[in-house]
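Residues per chain are reported as follows:
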Amino acid sequence: MNGIAELDIWLKSLNYTGKGYGTSALKNLSEKLFNEGFHTLIIRPCAKNIRAVNSYKKAGFVESVFEPEKYYKKEYIDKYAPGDCKDGEDIFMVLKNI
Ligand SMILES: CC(C)(COP(=O)(O)OP(=O)(O)OC[C@H]1O[C@@H](n2cnc3c(N)ncnc32)[C@H](O)[C@@H]1OP(=O)(O)O)[C@@H](O)C(=O)NCCC(=O)NCCS
């Protein structure tokens, strides 16, 4: 939907994880996107990816109920609503520009 962006992030190597870089990058990107006019950012880590979920919480994302029709245009719901976690559930998280 207009004003909404779905994010994903992968650091270059696992050697760089757990040092705060991902959280910092997400905070910077969020600020830039809000300045560009986006009002809502979503991210959908796999539930078992505790490190990602922790990082996104630190960046301000909040776990929310997933209502695809609020975030995806109707013609994309079938394609994108299932998410990327092939082997399990994901956690739907939202950051709003308030
Ligand atoms: C997800 C990702 C971008 C997060 O960035 P990051 O720089 O690692 O995140 P941070 O270091 O700021 O925070 C990670 C948090 O998880 C915790 N953590 C670190 N390693 C962990 C592990 N193996 N298991 C559980 N928690 C872990 C850290 O303690 C930290 O929380 P804390 O600051 O409260 O202690 C990065 O880890 C990454 O690229 N991972 C590999 C790819 C990936 O999983 N991408 C996400 C797809 S949705």
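Up top you'll find the structure we're talking about.
Residues numbered from 1 in each chain as written. Predicted model: local features only at pLDDT ≥ 70, side-chain atom pairs only at ≥ 80, totals over all residues. Heavy atoms only, no water.

1. Focus on the site of the ligand
Spelled out, the test is: Any residue with at least one heavy atom within 4 Å of a molecule or strand is counted as near it. Any pair of N or O atoms that falls within 3.5 Å is considered a polar contact. Within protein, one atom must be able to donate a hydrogen and the other to accept it, and sequence-neighbouring residues count only if both atoms are side-chain atoms. For accessible areas, the Shrake-Rupley method is used with a probe of radius 1.4 Å. Any residue's cover is judged against the shown protein chains and nothing else. Buriedness for pockets is judged along seven lines, at least five of which must meet protein on both sides within 12 Å for an open set on the 1 Å grid over protein atoms alone, while cavities are sets there where a 1.4 Å probe fits but cannot get out, and lining residues have an atom within 4 Å of a point. Any molecule with more than half of its atoms within 2 Å of a cavity's or pocket's grid points is regarded as sitting in that cavity or pocket. Under the scheme used here, helices are H or I runs from DSSP no shorter than 4 residues and strands are E runs no shorter than 2 residues, and both carry numbers assigned from the N terminus.
Near the ligand, the surroundings consist of 20 residues, among which L11, G22, T23, N49 and K58 are the closest. A distance of 2.8 Å is found between a nitrogen atom of the ligand and a backbone nitrogen or oxygen belonging to I9. Bound to the protein, the ligand loses 72% of the 950 Å² it would expose on its own. Comparing atom positions with the cavity grids shows the ligand to sit within the largest pocket. Residue contributions to the shell around the ligand peak at seven residues, all from helix α2 (residues 50-58).

2. What about the pairing of strand β1 (residues 4-7)?
Condition: Pairs of strands are assigned from DSSP output, requiring at least two bridges between the strands. With its strands directed away from the observer, a crossover is right-handed exactly when the path from the first strand over the helix to the second travels clockwise.
Sheet topology note: the β1/strand β2 (residues 40-43) ladder contains four bridges and is parallel. Bridged to L7 within β2 is I43. Each parallel crossover has a hand, and the one from β1 via helix α1 (residues 21-35) to β2 is right-handed.

3. Details of the layout of surface pockets
Applicable threshold: Grid points are joined across faces, edges and corners, and a volume is the space filled by probe spheres set on the points.
Looking at the largest pocket, its volume works out to about 780 Å³. Lining of the largest pocket is provided by 34 residues; of these, D8, I9, N49, A52 and Y56 occupy positions nearest its centre. Taken together, the elements giving at least two residues each to the lining of the largest pocket come down to β1, α1, α2 and α4 (77-80). Sorting elements by how many residues they give to the lining of the largest pocket places α2 first, with six residues.

Bear in mind that shape data such as this cannot, by itself, settle questions of function.
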